[in-house]
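# What the coordinates show
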Amino acid sequence: MASLDSISSAGASAGLAARPGVLSRLVRNKSALFGGSIVLVFVLMAVLAPILPLADPFKSNFLAIRKPPSEIYWFGTDELGRDQVSRLFFGAQASLLAGIVSVLIAVVIGLPFGLLAGWYGGWTDIVISRVTEALLACPFLILAIAFAAILGPSLTNAMIAIGLSAVPIFIRLVRGQVMSVKAEDFVEGARAVGARDLRLMFRHVLPNTLSPIVVQSTLFMAQAIILEAALSFLGLGQQPPAPSWGQMLNVAKNFMEQAPWMSVAPGICIFLAVLGFNLLGDGLRDALDPKEN
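Scope of this entry: the structure provided in the associated data block. (Residues numbered from 1 in each chain as written. Predicted model: local features only at pLDDT ≥ 70, side-chain atom pairs only at ≥ 80, totals over all residues. Heavy atoms only, no water.)

## Some remarks on the overall build of the protein chain
- On a plain count of helices and strands, the protein chain comes out with twelve helices and zero strands.
- If you list the helices and strands of the protein chain from N to C, you get α-α-α-α-α-α-α-α-α-α-α-α.
- Every one of the 293 residues in the protein chain was classed for burial, and the buried ones make up 47%.
- The long-range fraction of contacts in the protein chain, counting pairs at least 24 apart against all pairs at least 6 apart in sequence, stands at 74%.
- In the structure as shown, the protein chain presents an accessible area of about 14400 Å², 68% of it carried by carbon and sulfur atoms. (Helix = DSSP H or I, 4+ residues; strand = E, 2+ residues; numbered from the N terminus. Buried < 20%, exposed > 50% of the residue type's maximum accessible area, 1.4 Å probe, protein only. Contact = heavy atoms within 4.5 Å. Areas by Shrake-Rupley, 256 points an atom, 1.4 Å probe, with all protein chains shown as cover.)

What follows is the structure in structure tokens.
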């Protein structure tokens, strides 16, 4: 009779069969490389912001209010004379942190519920699925704004609101993957030799659902950046004087005629960051697809 370890290895092999070529397929995908390069640039901006000799993003200079782009101020200054370049670099920290933390919240909460619903079915699945569908019926942005308004305006609460709003998405994704994987032969084989539910779920099923979770997490990072900017724009996210791309756009809207450059740089940063994560996520999806050669 086959041992549990041999069956576990077979299950892992089934889920990882296409993965030895993942890196090579990802490297061959030019759009994924382009997206990854953009993401890397913003990561470096966020990490190096405290190290680089940038102007103080909090310090006002009333002699340089709304200065246009120049050799001294590459992207101009804002309504308080603060350097736009410095605030863009430090604003990258808020955007990337919001993406990472909100994804972690969504995965940590959504994964166990999706696993339980997909594995046990029955009333467990019915209850979890009906609650999930009710939350999915509400537009994602509206749900995030509602959570943020209840929790109060701050970057931390905005990250929690975005993460909670994404929980139903991950529950549905994990549930579908678990229902597909649990019907595989290696899972039935492990059950036949006496493996219990916890071992089956965490040793055999869960590892074979990670690829779509990774892809969805990468794609959701782009949505989280947009949502953080939207919440900050509405005054529910990062609070002044702390820099945030959305908060910078909120201020810039009042000076579109006098200082249009104030809105250009943060708008481009949001666009590029979202583009980068979307391209990277699409590339990961193609690379992790077992149907790809």
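Now that the structure is up, let's keep going.
## Notes on the packing of helix α11 (residues 245-252) against helix α12 (residues 261-288)
- One can describe the packing of α11 onto α12 by two numbers: an axis separation of 9 Å at closest approach and a directional angle of 145 degrees. Judged by the twist between their axes, the crossing of α11 over α12 is left-handed. On the side of α11, the interface is formed by Trp245, Gly246, Met248, Leu249, Val251 and Ala252, while α12 contributes Met262, Ser263, Pro266, Gly267, Cys269, Ile270 and Ala273.
- Here the contact of α11 with α12 is composed, by residue class, of ten nonpolar, three polar and no charged. (Axes fitted to C-alpha atoms, helices over the stretch in contact; angles between N-to-C directions. Left-handed = near helix turned anticlockwise from the far one by under 90°. Nonpolar A, V, L, I, M, F, W, Y, C, P; charged D, E, K, R; others polar.)

## Focus on the nonpolar core
- Counting 61 residues, the largest nonpolar core has Phe42, Trp119, Val187, Phe220, Ile225, Trp245 and Phe277 as its most contacted members.
- Residue contributions to this core peak at twelve residues, all from helix α4 (residues 84-120). (Core = buried A, V, L, I, M, F, W, Y, C linked by side-chain atoms within 4.5 Å.)

## What to know about the side chain of Glu79
- Mapped onto the elements of the fold, Glu79 is located in the loop between α3 (30-48) and α4.
- Glu79 sits in the buried class, given a relative accessible area of 19%.
- Within polar-contact distance, the side chain of Glu79 engages the side chain of Arg82 at 3.5 Å.
- When neighbours within four sequence positions are excluded, Glu79 is seen to be in contact with Ile65, Arg66, Val251, Phe255 and Met262. (Polar contact = N/O pair within 3.5 Å; in protein donor to acceptor, adjacent residues only side chain to side chain.)

## Let's talk about the packing of α4 against α11
- At a closest axis distance of 8 Å, the pairing of α4 and α11 adopts a crossing angle of 135 degrees. When the axes of α4 and α11 are compared, the pair comes out oblique. Facing α4, whose interface residues are Gln84, Arg87, Leu88, Gly91, Ala92 and Ser95, α11 presents Trp245, Gln247 and Met248.
- Classifying every residue of the contact of α4 with α11 by side-chain character gives four nonpolar, four polar and one charged. (Parallel < 35°, antiparallel > 145°, perpendicular 65-115°, else oblique.)

## With respect to the pattern of salt bridges
- Here the structure, examined in full by the defined rule, presents six salt bridges.
- A salt bridge links Arg82 to Asp78; its shortest N-O distance comes to 2.8 Å.
- A residue is classified by how much of its surface remains accessible, and Arg82, at 5% relative accessible area, is buried.
- Asp125 serves as the salt-bridge partner of Arg175, at 2.6 Å between the closest nitrogen and oxygen. Residue Arg175 is found in helix α7 (residues 155-181), and its partner Asp125 is found in helix α5 (residues 122-136); the two are separated by 50 residues along the sequence.
- With relative accessibility at 24%, the residue Arg175 sits in the partly exposed group.
- Counted as one network, the salt bridges with shared partners bring together Asp78, Glu79, Arg82 and Arg87. (Salt bridge = Lys/Arg side-chain N within 4 Å of Asp/Glu carboxyl O.)

## Section: α3
- Taking 1.5 Å per residue as the helical rise, α3 with its 19 residues ought to reach 27 Å, and the 27 Å between its terminal C-alpha atoms agrees with that figure.
- For α3, every residue scored as buried is listed here: Ala32, Gly35, Ile38, Val39, Phe42, Met45 and Ala46. Angularly, the buried residues of α3 cover 145 degrees about the axis, an arc narrow enough to put them on a single face. Exposed side of α3, more than 90 degrees from the buried face: Lys30 and Val47 are the residues found there. (Expected span 1.5 Å × (residues − 1). Arc of directions from axis to C-beta.)

## Topic: the packing of aromatic side chains
- Evaluated as defined, the whole model comprises three aromatic pairs.
- Seen from their ring centres, Phe42 and Trp245 are 5.5 Å apart, and the 65 degrees between their planes marks the pair as edge-to-face. Here Phe42, found in helix α3, pairs with Trp245, found in helix α11; they are 203 residues apart in sequence, far enough to count as distant. Comparing Phe42 with Trp245, the two get one shared label, buried.
- A centroid spacing of 6.2 Å and a plane angle of 85 degrees characterise the contact between Phe170 and Phe220, whose relative ring orientation is edge-to-face. In this pair, Phe170 sits in helix α7 while Phe220 sits in helix α10 (residues 210-233), placing the two residues 50 residues apart along the sequence. (Phe/Tyr/Trp six-rings, centres within 6.5 Å; stacked < 30°, edge-to-face > 60°.)

## Overview of unusual backbone geometry
- For the peptide bond that leads from Pro240 to Pro241, omega is 5 degrees, which places it in the cis range.
- Relative to the helices and strands, Pro241 resides in the loop between α10 and α11.
- At Arg66, a residue that is not glycine, the phi angle is positive and equals roughly 50 degrees.

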